[in-house]
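Residue-level listing of the chains:
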Amino acid sequence: MYFGLDDDALALREGLREMLATACTPATIRAAWDGDACEQLWKDLGSFGVPGLLVPEADGGLGLDELAFVAALEECGYAGTPGPVVETLICLPLVPLATDGSARVTVMAASGGTPYAGIATHVLDPSGELHELTERSVVETVDRSRQLATFDADPMPVDISEADLARFERRGALGTAAYLLGLARRQLDLTVGYVKTRQQFGVAIGSFQAVKHPLADAVVGTEFAWPAVLRAAQTLVDDEPDADLHVSMAKALASDAAYRMSRVCLQAHGAMGYTVEYDLHLFAKRTWALAKDWGTAAEHRELVAEQLGIGRDS
Amino acid sequence: MDLRETDAEQAFRAEARAWLEENVPHGLPSGDTKEGFALHLEWEKKLFEARWAVVSWPEQYGGRGASVWEWIAFEEEYYAAGGPQRVTQNGIFLLAPTLFEFGTQEQQDTLLPRMASAQDLWCQGWSEPGSGSDLASLKSRADKVDGGWKLNGQKTWTTRGAFCTHLFGLFRSDPESERHSGLTYFLVPLDTPGVTVRGFARLDGDEGFAEVFLDDAFVPDSAVLGGVGKGWSVAMATTGSERGLTLRSPGRYLATVDRLLELAHDRDLDDTDTQRLAQAWMDAEAYRLFTLQQVSNEKAGRGRPGESSLNKLFWSELDIRLHELALDLLGPDAELEGPWSKGFQFALSGPIYAGTNEVQRNIVSERLLGLPRK
């Protein structure tokens with residue numbers, strides 16, 4: 001019995017952390033807010049193998065599994081990596097596009113603007129169409145790096161089997177859960193650093209229990225969500241029959257925990273955090289968006305209830 | 001990641017399940033009353049005779065030398081089978097880990113078998129009327145005399161103290177000392193002359209609490225556990241066990257959720273009920289997964305300071321949420337005495353005992369996050 005990432009996944013995560021610390025700074029995220037596609041960052045991600053992480057080695061990918069996938073995405077979340085990171089990783093196994101970071105693929109929204117379409121190169125409609133983007137019109141969003149856009153393109157048909165589609169949907173929710181917990185960890189780090197140095201009443205505000213206790217509670221939330229993400233990843237690796245149950249659990253817990261963390265971190269910063277000049281909002285706003293993307297916590301709880309048969313007999 | 005149980009682990013689980021299905025008594029009264037306690041002792045002795053009382057202990061002391069994975073499996077099976085509360089828990093789960101770590105060979109050889117077989121029943125003597133969360137301010141004294149120590153003072157909120165035979169507790173052995181230094185951990189038979197025990201009722205009305213008065217009670221030098229003046233660090237080893245895994249295994253909450261889903265089964269559920277039930281299942285499962293990760297990390301040398309406080313915060317709040325949901329489903333019937341109303345009142349003690357959750361939040365923020373104490 002061993003519950004956790006293996007040494008290879010841990011090493012991947014370390015390496016990615018080091019790379020993103022310089023390749024993806026808050027300035028990079030701010031550039032994405034202005035509509036920059038961050039091509040250099042994506043080249044760096046490509047050199048590292050991130051976009052093709054789930055693509056078989058024979059097709060130019062790393063051929064890794066969902067455990068490595070969540071390890072990498074948690075780290076991408078920590079850096080606030082802009083663009084369709086989760087989406088590109090789950091789309092590339094389905095479409096014959098480059099894995100070197102030149103293809104940034106997002107997933108067609110059911111209605112309205114499609115997230116990241118403003119800076120993506122392609123949009124995959126999982127019902128079986130791939131769009132190469134040329135013309136697009138960006139919709140304003142709270143997190144501007146989300147680059148929601150409507151577009152007009154001639155689609156190419158793509159053949160996606162039912163099994164592939166199911167795996168695709170699970171990976172989307174799971175990857176987003178991992179990314180959310182990375183965002184939460186970043187906000188926590190920013191906040192711990194801040195409350196240790198910010199002085200009021202002659203002491204660091206981090207010494208006050210009124211600051212400590214909500215942070216401790218938020219940490220409980222994220223700490224108990226991460227094992228659920230790992231468990232769900234394992235169900236995909238082993239293609240277990242109750243994968244949907246575990247993926248929904250992971251996304252519900254991660255959405256709630258990351259959102260809670262963003263609230264507590266913003267509050268702990270006081271007015272200092274309530275500004276676009278300070279970096280916290282870059283991570284908080286992505287959290288708000290992703291907590292609702294790929295299914296809200298309530299929608300996933302509903303799915304969990306269905307899988308467990310709760311309420312079925314009444 | 002490897003979530004498979006080995007053949008040996010599977011066999012262990014199957015053996016436990018079969019025995020428990022056959023032997024678990026149902027409908028025992030609360031073990032926190034005099035009559036109930038006696039019935040629970042019969043069950044404890046039966047567990048011991050079949051060598052299920054202390055599965056993780058070495059065989060020489062009545063255990064099976066079970067691994068921590070096997071222990072977790074046993075606990076899951078125990079609670080899934082509807083096994084009753086363990087009235088021996090404060091000895092077996094709190095004192096024993098400390099005895100294994102700090103006890104002399106003689107202490108281990110004498111005390112552990114009697115504890116496992118429920119001949120000696122241990123209660124915890126830490127809190128005092130003026131020292132709760134601020135345990136280091138305790139005033140009970142130990143004065144050195146020829147061949148041993150004279151104990152004086154008062155301990156309180158001692159769980160099942162009125163039914164137990166022995167107390168483990170902290171006493172100030174250096175009258176000049178302050179706070180964490182100069183404390184010594186003592187093992188005290190409650191029939192020692194000078195010891196008076198008075199039981200009193202907890203919130204739920206059962207006589208589950210006691211106060212223990214010590215008036216020149218003599219104990220020999222061999223009653224010291226872990227060295228004179230070392231009491232604080234010895235005691236902290238026990239709090240780690242208490243907050244973390246050994247006191248509250250995941251099996252307990254998984255079983256509560258099963259009962260909760262059963263309760264919900266033939267009721268009209270609205271969307272909020274459904275959401276809360278799904279959350280309850282997820283939370284219990286999350287606690288299980290967290291503990292698997294925690295044990296794995298500790299074995300790999302990646303344990304983190306303050307981690308057992310995360311467990312304690314989670315299971316104590318979870319237990320309350322599970323019972324609140326049950327009472328909401330019961331509606332007006334929630335006021336009737338019964339397992340859920342009883343369980344609810346017990347759950348309310350979770351954030352208080354074993355170090356209040358306020359103390360745990362301090363520990364998480366100071367040791368895990370590195371925030372300043374002052």
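Given the structure is predicted, the values throughout are model-derived calculations rather than measurements. (Residues numbered from 1 in each chain as written. Chains lettered and ligands numbered in written order. Predicted model: local features only at pLDDT ≥ 70, side-chain atom pairs only at ≥ 80, totals over all residues.)

Chemist: Where do I start with helix 4 (residues 66-79) of chain A in this structure?
Modeler: It helps to recall that an α-helix has 3.6 residues per turn; residues three or four apart then point in one direction. All names here are of chain A. Helix length check: helix 4 (14 residues) gives 20 Å between terminal C-alpha atoms against 20 Å at 1.5 Å per residue, within 8%. The element helix 4 is extensively covered by neighbouring structure, given that 14 of its 14 residues are classed as buried. G80 lies just past helix 4 and shows a positive phi near 65°. (Helix = DSSP H or I, 4+ residues; strand = E, 2+ residues; numbered from the N terminus. Expected span 1.5 Å × (residues − 1). Buried ≥ 20, exposed ≤ 12 C-beta atoms within 10 Å, placed from the backbone.)

Chemist: What is the right way to read the domain arrangement of chain B from this model?
Modeler: Frequently, the measure chosen for interface size is the accessible area that the parts lose on association. Residue and element names in this part refer to chain B. Taken as a whole, chain B is organised into domain 1 (7-87), domain 2 (122-230) and domain 3 (244-368). Between domain 1 and domain 2, the residue contacts involve six residues of the former and five residues of the latter. Here the residues of the side of domain 1 that touches domain 2 are counted per class, giving two nonpolar, two polar and two charged. (Domains from an automatic or database assignment. Contact = placed C-beta atoms within 7 Å. Nonpolar A, V, L, I, M, F, W, Y, C, P; charged D, E, K, R; others polar.)

Chemist: Would you mind showing me how to read the domain arrangement of chain A here?
Modeler: All names here are of chain A. Examined at the domain level, chain A breaks down into domain 1 (7-160) and domain 2 (163-308). Contacts between the two partners involve 26 residues from domain 1 and, on the opposite side, 30 residues from domain 2. For the side of domain 1 that touches domain 2, the secondary structure elements donating two or more residues are helix 2 (26-33), helix 4 and helix 5 (85-91). Residue composition of the side of domain 1 that touches domain 2, grouped by class: 18 nonpolar, two polar and six charged.

Chemist: Got a minute to help me understand the environment of L174 of chain A in this structure?
Modeler: Structurally, the position occupied by L174 of chain A is in helix 6 (residues 162-197). Note: C-alpha distance between L174 of chain A and W288 of chain A (114 residues apart in sequence) is 17 Å.

Chemist: Looking at this structure, how should I read helix 10 (residues 339-347) of chain B?
Modeler: Residue and element names in this part refer to chain B. Those residues of helix 10 not exposed but buried are W340, F346 and A347. Projected down its long axis, helix 10 carries its buried residues within an arc of 120°, all on one side. Close packing links the buried residues of helix 10 with helix 9 (307-330). (Arc of directions from axis to C-beta.)

Chemist: Looking at this structure, I do not really get the pairing of strand 3 (residues 148-155) of chain B. What am I missing?
Modeler: Regular strands place side chains that alternate from one sheet face to the opposite one. Residues and elements named next belong to chain B. Bridge analysis of strand 2 (residues 141-145) against strand 3 gives five bridges, and the strand direction is antiparallel. The partner of K144 across the bridge, within strand 3, is W149. Linking two consecutive strands that pair antiparallel, namely strand 2 and strand 3, is a turn of two residues; a positive phi of about 80° is found at G147 within it. Looking at chain direction, strand 3 and strand 7 (residues 209-220) are connected through seven bridges and run antiparallel. Bridge pairing in strand 7 links G153 to L214. (Pairing = 2+ DSSP bridges.)

Chemist: Can you walk me through the packing of helix 7 (residues 250-264) of chain B against helix 9 of chain B in this structure?
Modeler: The angle between the axes and the distance between the axes are what describe a pair of packed helices. Residues and elements named next belong to chain B. Their axes nearest at 10 Å, the elements helix 7 and helix 9 cross at an angle of 15°. Of the possible angle classes, the one that applies to helix 7 and helix 9 is roughly parallel. Here helix 7 runs over helix 9; the crossing is left-handed. Residues Y253, T256, V257, L260, L263 and A264 of helix 7 touch helix 9, and the partners they reach there are W315, L318, D319, L322, L325, A326 and L329. Here the residues of the contact of helix 7 with helix 9 sort into 11 nonpolar, one polar and one charged. (Axes fitted to C-alpha atoms, helices over the stretch in contact; angles between N-to-C directions. Parallel < 35°, antiparallel > 145°, perpendicular 65-115°, else oblique. Left-handed = near helix turned anticlockwise from the far one by under 90°.)

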